[in-house]
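# Structural overview
Below are the chains, spelled out letter by letter.
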Amino acid sequence: MANDPSILDTFFEECEDLIVALTEGLTEMRDGAADDETVNAVFRAVHSIKGAAGAFALDELVGFAHKFETVLDELRSNRLTTDENLLRVLQRAGDVLADLVEAARDNIPANRDQVDPVLNELQAFLGDEDDQPEEEFVFEAMTLDFDSADDQSGYQVSFRPGPEFYACGHDPELLIKALNELGSATISADDTALPDDFADFDWESGYLTWTIDIQDLATDLGILEIFQFVDDLCDLKISPRDTPLTPAQPQPSNPKISQILRQPRRLRSPQRMSTPQLTRRP
Amino acid sequence: MKTRILAIDDSPTIRSLLTMALEKAGFDVTTAVDGVDGVQKFRDSDADLVITDVNMPNKDGFGVIDDIRGGEKNRAVPVLVLTTESGAALKERARAAGATGWIVKPFDDDALVSVIRRLTGA
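Residues numbered from 1 in each chain as written. Chains lettered and ligands numbered in written order. Predicted model: local features only at pLDDT ≥ 70, side-chain atom pairs only at ≥ 80, totals over all residues. Heavy atoms only, no water.

Now for the overall build of chain B. Looking only at helices and strands, one finds five helices and five strands in chain B. Reading chain B from its N terminus to its C terminus gives the helix and strand order β-α-β-α-β-α-β-α-β-α. Residue burial in chain B is summarised as follows: out of 122 residues, 57% are buried. When the accessible area of chain B is evaluated, it comes to approximately 4,700 Å², of which 47% is carbon and sulfur surface. (Helix = DSSP H or I, 4+ residues; strand = E, 2+ residues; numbered from the N terminus. Buried < 20%, exposed > 50% of the residue type's maximum accessible area, 1.4 Å probe, protein only. Areas by Shrake-Rupley, 256 points an atom, 1.4 Å probe, with all protein chains shown as cover.)

On to the interface of chain A and chain B, then. Often, the extent of an interface is quoted as the loss of accessible area upon association of its parts. At the junction of the two partners, chain A supplies 37 residues and chain B supplies 37 residues. Both faces combined, the contact of chain A with chain B buries some 3,100 Å², and carbon together with sulfur accounts for 59% of it. Applying the counting rule to chain A against chain B returns two salt bridges. Here Arg118 of chain B and Glu225 of chain A are joined by a salt bridge, their closest N and O atoms 4.0 Å apart. Here chain A and chain B share twelve residue pairs in polar contact (both at pLDDT 80 or more) between them. If you list the elements that add at least two residues to the side of chain A that touches chain B, you get α1 (5-30), α2 (36-53), α8 (172-180) and α9 (221-226) of chain A. Among the elements that take part in the side of chain A that touches chain B, α2 of chain A stands out by supplying seven residues, more than any other. Its residues assigned to classes, the side of chain A that touches chain B comprises 17 nonpolar, eight polar and twelve charged. (Contact = heavy atoms within 4.5 Å. Buried area = accessible area lost by both parts, 1.4 Å probe. Salt bridge = Lys/Arg side-chain N within 4 Å of Asp/Glu carboxyl O. Polar contact = N/O pair within 3.5 Å; in protein donor to acceptor, adjacent residues only side chain to side chain. Nonpolar A, V, L, I, M, F, W, Y, C, P; charged D, E, K, R; others polar.)

Moving on, we get to helix α2 (residues 35-44) of chain B. Residues and elements named next belong to chain B. Burial in α2 covers these residues: Gly35, Gly38, Val39 and Phe42. Across the axial projection of α2, the buried residues extend over an arc of 95°, all falling on one side. Considering only its buried residues, α2 is in contact with β1 (4-8), β2 (28-32), β3 (49-53) and α3 (61-70). N-capping of α2 is provided by Asp34, with a side-chain oxygen placed 3.1 Å from the backbone N of Val36. (Arc of directions from axis to C-beta.)

A few words now on the nonpolar core. Phe64, Phe68 and Leu97 of chain A together with Ile51 and Leu80 of chain B are the most contacted members of the largest nonpolar core, which has 84 residues in total. Ranked by residue count, the leading element in this core is helix α4 (residues 84-106) of chain A, at ten residues. With near-sequence residues (within four places) excluded, Leu80 of chain B lies in contact with Phe229 of chain A together with Leu49, Val50, Ile51, Thr52, Gly101, Trp102, Ile103, Leu112, Val115, Ile116 and Leu119 of chain B. With 23 residues, the next largest nonpolar core counts Val157, Leu179, Ile212 and Ile223 of chain A among its residues. (Core = buried A, V, L, I, M, F, W, Y, C linked by side-chain atoms within 4.5 Å.)

Now the structure itself:
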């Protein structure tokens, strides 16, 4: 998609506008006419170039813009103060960024003799703080033991959404549907945590604990991906099916509230999957 | 009916990339050029999911989420934050703001579509 020439043209047109905004902002800063919004606008210009350049794997441009925006972020957060030296380096950085955009557009290598000294000057404002690569937020690949995987017949997933789960726009039914697509699944809902008295019922709390038994699943990577955004928004337990979860201790429940709750419906099962059985725990 | 996506980003390049990737996947895409435009278009439309950049003029992405979560209309809509930040700090900031999830730029088209399908049931 990012190889589409029309998108690349859009990017370089956008860069022209952003370089103009950057130059104007840096000039205001040099003339002492800048306010907080000027610094924010300069930051956004560099940040936007970096963000879009990443889509086209323009690594030299991204790397320089990252260092430049980090210094600007320190400045707008008042962790750096404006002085003559800083303004001089920012001006040079603006010139280098424009040159890097031009080099990328012309598809020629950057002039490292011009880029590297300015990179070093930017780095000097950051100390060692930004000298490390950014921490990537990725899933760790697991080493699979295929001998034991032969014996693995599936996983049991149990989760009870907390209040923030709903506040952030999540829906347990969608998670259950996604789990159901990983393998033949049996789904049950434990409603024993429902309050006895209707007056105690909080509509934004999670009372149901969902347990999904998935057969024929050799690894839990798919499960972890499904819970990527909610692993700390719910009480989540994932265990191999050969070590079943301890069932929750039964508590008195009010049948009237249970009746008010929508009865979970049977999920539509993909053709290659068996139909899940929806049961309620005693 | 197609799943409706509202994509908010001040970068025309990112808006074009999002539009091409999402329309190719069969979604109905509306774009907004900054946070204020995004909130207005959210109120004027029936988006099934919102994608928002963080650093934008007029109103940033977290301000957009504040307005959506604090409003009356469709306040539980899934909102994906699109950002160049990564790491635990991003997760903390996005979560505190009420974001449903996050995608790091540059984004992979297939991964983005997969997340959207999972969050909307499309």
